[in-house]
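If you want the building blocks of each chain, they are given just below.
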Amino acid sequence: MKPIRSRRARAMVVAIAAGALALTGCSDNGGGNAKDESKSKGDAAEQSKPVAYANAATSTGPAAEVPGAKSGGVINVYMQSDLTHMDPGQIYVSDAGQFSNLIHRGLTDYQEDDKGNLTVVGDVATDAGQTTDGGKTWKYTLKDGIKDQDGNPVTSSDVRHSIERLYSKVIFDGPSFVQSWLSGSDYRKALPDGPYKGKHLPDSVLQTPDAKTVIFKFDTPRPDLPQALAMAGYAIVPAKDDTKEKYDKAPKALGPYKIAEYKAGKSLTLVKNDQWDPKTDAVRHQYADGFNFSLTIDQASQTKRLIADQGEAKNAIQFTDSVDPAQIQDVVGNPATNKRTIKGYQPYVWQMSFNLDRMKDKKIRDAITYAIPNQAMIQADGGKYGGELAGGLFAPTLPGYDDSYDPFGKKKTPNGNPAKAKELLKEAGFKDGTKITYAYSNSPRGQAQAVIIKDALEKLGFDVQSKEIDRASFYEQIGKLNNPYDLYMTGWGQDWASPSTVVTPVYDGSLVSDGGSNYSHVKDAKVDALIQEALKLQPEQAAAKWEEAHHRLVEEINPAAPVYYSKQIQLYGSNIGGARYSTNSNYLDINRLYLVKP
């Protein structure tokens, strides 16, 4: 369903003190006589709850038992394409992030209670982090008993290696927060070969005084570090296990499961990692004996199998795909089937990103923005169960969200405003037959929405060249600076509850690079200045700067047209226990699943 960038969505409360520390046409497939259980913006606001930083006691395993949980059996996982990445350093997309919960571990992680409240706990570290200078220096102490799947102890040198390898060309995807905080936006120049030729970051930046201690040193306070380190992209790659580029296909596990067999594009088998010690883990469980991933089952087939709930489907889940839009009524309209769903408001904003290297006329970009039939795009992704019309690029899950912000008047014209679009095209001197290239993912949603976009643009007079890209490599392809596409749909959600994790990675001009997340290649001096000003302020004071940057981007630059805010509905088999929506992953909570009858 959604190889969407990034995932976290929630507000933050931080105690910075010593020891203390979120196409089936345009028919309404979610309608009928079924009770409307789709999530609202009110639910989204509820998901933006405070995050606390935990001490050692809260970070100590084992994780709290799931009521009624049993051990044994194998859970079947349905996916319609391969994982984007398995190397932690490359992980910045939701399917790989969900997978990471099963095999990878980092310094910190999120612990989630039964109400969706989140706490940053120490994962491989003893706590969420220690700082005595307001967040400029962070100290982490590693827990005892952390080993890789081969039984090798994990030390501070492995943590250092995991950070330093992100500077090398081996890593072309993944987050860049920690690296840029340590070494600036041009961080790769600080260690171009990573740790692979024996060089390291200076102790003034990253220090490992002994086997159990890691110290990060920044030139400005970084109160969000515990949340950044909880991202899958900062999970640990033990130095002796690192096979550089090959690691992406055969990573070593620190988590409760390890890879037993992987057939690229076909299947993936996970079994228990016998070197994982639950006493060291305050987040994960190891109830199932393993997970069998099928990587070739399309969204419609997944839904049909899980509705039927026969045989092996009883033990199956959707991973990051959602219920097929054409079958949503069959799911929500049947109480027995509807009970086997999880629903949630995600932090993602789907947007039509314009390649500014190719689409330089703002009037044309504005015309396309007005013409997009947002509501039809939502219907192609599940209707009211799949999304809600977007006015801006900040999601309702982000603190400070303004529901009234709608500069393109989408609430009044949810199916587009072609008259306004044609007016702007005329002012721009547009000529009928102008070619425009639209790239889209070969997912069912991407294919369905491509039909809608092609139709809308052709009605304006464009000669639309539609280019389909494999779902697993979509973001990699559009992330290339010299990509041959004019526009493409992208999804972005905040990494944690700060506009900094939306504006900075996606719209900072200094981060325009191959593999970067600035898909529009926008470089605006005023936006860049506002980013730097906001990053120096505490969240409350920074809010106005982020809002100013947001408004400038949407109204004065328009690098990406807001289309809709994303929701999720997933289905699972009747023998799956422990299922709930996770405000951390924004999908089915993979960390607590078990089989009712193993």
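Structure's up top.
Before going into details, it helps to say that this report is about the structure given with it. In this numbering scheme, every chain counts its residues from 1 along its sequence in written order. Selection of residues for local features in this predicted model requires a pLDDT of at least 70, selection of side-chain atom pairs for listing and counting requires 80 or more, and totals for whole chains, interfaces and linings are taken over all residues. Values reported for side chains reflect all heavy atoms of the structure, with hydrogen atoms and water molecules removed beforehand.

1. Quick look at the overall build of the chain
And step 1. Here a helix means four or more residues in a row that DSSP labels H or I, a strand means two or more in a row labelled E, and each is numbered from the N terminus. Along the backbone of the chain there are 17 helices and 19 strands.
And step 2. For a compact globule of 598 residues, the expected C-alpha radius of gyration is about 25 Å, and the chain comes in at 23 Å, within 12% of that figure.
And step 3. The C-alpha extent of the chain, read off along each of the three principal axes, is 65 × 55 × 40 Å.
And step 4. The Shrake-Rupley method, run with a 1.4 Å probe, gives the accessible areas here. Residue values count only the displayed protein chains as cover. Accessible area of the chain: about 21,500 Å², with a carbon and sulfur share of 48%. In this setup the radius of gyration rests on C-alpha atoms only. A globule is expected at 2.2 Å times the number of residues raised to 0.38.

2. Observations concerning the side chain of Ser168
And step 1. Structurally, the position occupied by Ser168 is in the loop between helix H4 (156-164) and helix H5 (177-183).
And step 2. In what follows, a contact means two residues having at least one pair of non-hydrogen atoms within 4.5 Å. Here Ser168 is in contact with Arg188, Leu191, Pro192, Asp193, Gly194 and Tyr196, once residues within four sequence places are set aside.

3. Overview of the packing of aromatic side chains
And step 1. Stacked, tilted and edge-to-face are the three classes applied to pairs of Phe, Tyr and Trp rings, where Trp contributes its six-membered ring and a pair requires centres within 6.5 Å; stacked means planes under 30 degrees apart, edge-to-face means over 60, and tilted covers the rest. Taken as a whole and judged by the stated rule, the model has 20 aromatic pairs.
And step 2. Here Tyr92 and Trp492 contribute two aromatic rings whose centre-to-centre distance is 5.4 Å and whose plane-to-plane angle is 75°, an arrangement assigned as edge-to-face. Taken together, the residues span a long stretch of sequence, with Tyr92 in the loop between strand S2 (74-78) and helix H3 (94-103) and Trp492 in strand S16 (residues 487-493) at a distance of 400 residues.
And step 3. According to the relative accessible area criterion, Tyr92 is buried, its value standing at 5%.
And step 4. Only protein chains enter the area calculation, which uses a 1.4 Å probe; residues under 20% of their type maximum are buried, those over 50% are exposed, and those in between are partly exposed. We classify Trp492 as buried; its relative accessible area is 4%.
And step 5. Here a set of aromatic residues connected by ring pairs shows up, and it is made of Tyr140, Phe177, Trp181, Phe216, Phe218 and Trp496.
And step 6. We call a charge positioned over a ring when the NZ of a Lys or the CZ of an Arg lies within 6 Å of the ring centre and within 35 degrees of the ring normal. A cation sits over an aromatic face here: Lys244 above Tyr196, 4.8 Å from the ring centre.
And step 7. In this structure, Arg305 packs its charged tip against the face of Tyr78, placed 5.6 Å from the ring centre.

4. Observations concerning the pairing of strand S17 (residues 560-571)
And step 1. Of all 12 residues making up S17, 12 are buried, and the element is well covered by its neighbours.
And step 2. In terms of strand pairing, strand S12 (residues 341-354) meets S17 through 10 bridges, oriented antiparallel. Along S17, the bridge assignment pairs Trp350 with Tyr564.
And step 3. Two strands pair when backbone bridges link them, and strand S13 (residues 387-389) and S17 are joined in this way by three bridges, in the antiparallel orientation. Bridge pairing in S17 places Glu388 opposite Tyr565. For two strands to be treated as a pair, DSSP must find no fewer than two bridges joining them.

5. Quick look at the pairing of strand S10 (residues 290-294)
And step 1. Looking at chain direction, S2 and S10 are connected through five bridges and run parallel. By the bridge assignment, Asn76 is partnered in S10 with Asn292.
And step 2. Pairing of strand S9 (residues 267-272) with S10 involves five bridges; the strand directions are antiparallel. Paired with Val271 across the two strands is Gly290, which belongs to S10.

6. Some points on the pattern of salt bridges
And step 1. A carboxyl oxygen of Asp or Glu within 4 Å of a side-chain nitrogen of Lys or Arg is what we treat as a salt bridge. By the definition in use, this model includes 30 salt bridges.
And step 2. As a salt-bridge pair, Arg105 and Asp281 come within 3.6 Å of each other at their nearest N and O atoms. Here the residue Arg105 occupies a position in the loop between H3 and strand S3 (108-112), and Asp281 occupies one in the loop between S9 and S10, the gap between them amounting to 176 residues. The residues Arg105 and Asp281 share a single accessibility class, namely buried.
And step 3. For the salt bridge of Arg160 with Glu164, the shortest nitrogen-to-oxygen distance reads 2.9 Å. Here Arg160 pairs with Glu164, and both are found in helix H4, just four residues apart, close to one helical turn.
And step 4. Linked through salt bridges whose partners overlap, the residues forming this network are Arg105, Asp109, Asp123, Asp281 and Arg284.

7. As for the sheet that holds strand S7 (residues 213-217)
And step 1. What the three strands build is an open sheet, ordered S5-S7-S6; its pairing is antiparallel. Across the chains shown, the open sheet's two edge strands, defined by having one partner strand only, are strand S5 (137-141) and strand S6 (206-210). Averaged over all adjacent pairs, the angle separating strand axes in this sheet is 20°, with direction ignored.
And step 2. One ladder, built from three bridges, connects S6 with S7; its direction is antiparallel. Bridging across to S7, Gln207 finds its partner in Ile215.
And step 3. Note on geometry: axes are C-alpha line fits, over the in-contact stretch for helices, and angles between N-to-C directions span 0 to 180 degrees. This element, H4, spans S6 and S7 of the sheet and lies at about 165° to S6.

8. Describing the sheet that holds S10
And step 1. Read from one edge of the open sheet, five strands run S8-S9-S10-S2-S11, paired in mixed fashion. Two strands in the sheet have a free side with no partner beyond their single neighbour: strand S8 (257-263) and strand S11 (316-318). On average, each strand axis in the sheet is inclined to that of its neighbour by 20°, with strand direction left out of account.
And step 2. Strands S8, S9 and S10 of the sheet are contacted by H3, whose axis makes an angle of about 130° with S8.

9. Observations regarding the nonpolar core
And step 1. For our purposes a nonpolar core is just a set of buried Ala, Val, Leu, Ile, Met, Phe, Trp, Tyr and Cys residues, chained together by side-chain atoms within 4.5 Å. Residues Phe216, Met352, Ile368 and Phe462 are the most contacted members of the largest nonpolar core, which totals 108 residues.
And step 2. Beyond its immediate stretch of four places on either side in the chain, Phe216 contacts Leu107, Lys136, Thr137, Trp138, Tyr140, Ile163, Val178, Leu182, Val205, Leu206, Leu225 and Leu229.
And step 3. By size, the runner-up hydrophobic cluster in this structure holds 28 residues, among which are Ile75, Val77, Phe99 and Ile576.

10. Quick notes on helix H15 (residues 500-507)
And step 1. Most of H15 sits out of view: eight of its eight residues are buried.
And step 2. The set of residues buried in H15 consists of Ser500, Thr501, Val502, Val503, Thr504, Pro505, Val506 and Tyr507.
And step 3. Elements in contact with the buried residues of H15: H5, S12, S16, helix H16 (525-535), helix H17 (539-557) and S17.

11. Quick look at unusual backbone geometry
And step 1. Residue Pro62 follows Gly61 across a cis peptide bond; omega there is 0°.
And step 2. With respect to the secondary-structure elements, Pro62 resides in the loop between helix H2 (56-59) and S2.
And step 3. Even without being glycine, Lys244 reaches a positive phi, approximately 55°.
And step 4. Among the secondary structure elements, Lys244 is positioned in the loop between helix H6 (225-229) and S8.
And step 5. A relative accessible area of 36% places Lys244 in the partly exposed class.
And step 6. The backbone of Asn586 sits at a positive phi, close to 70°, despite the residue not being glycine.
And step 7. As for its position among the elements, Asn586 is in the loop between strand S18 (576-577) and strand S19 (594-595).

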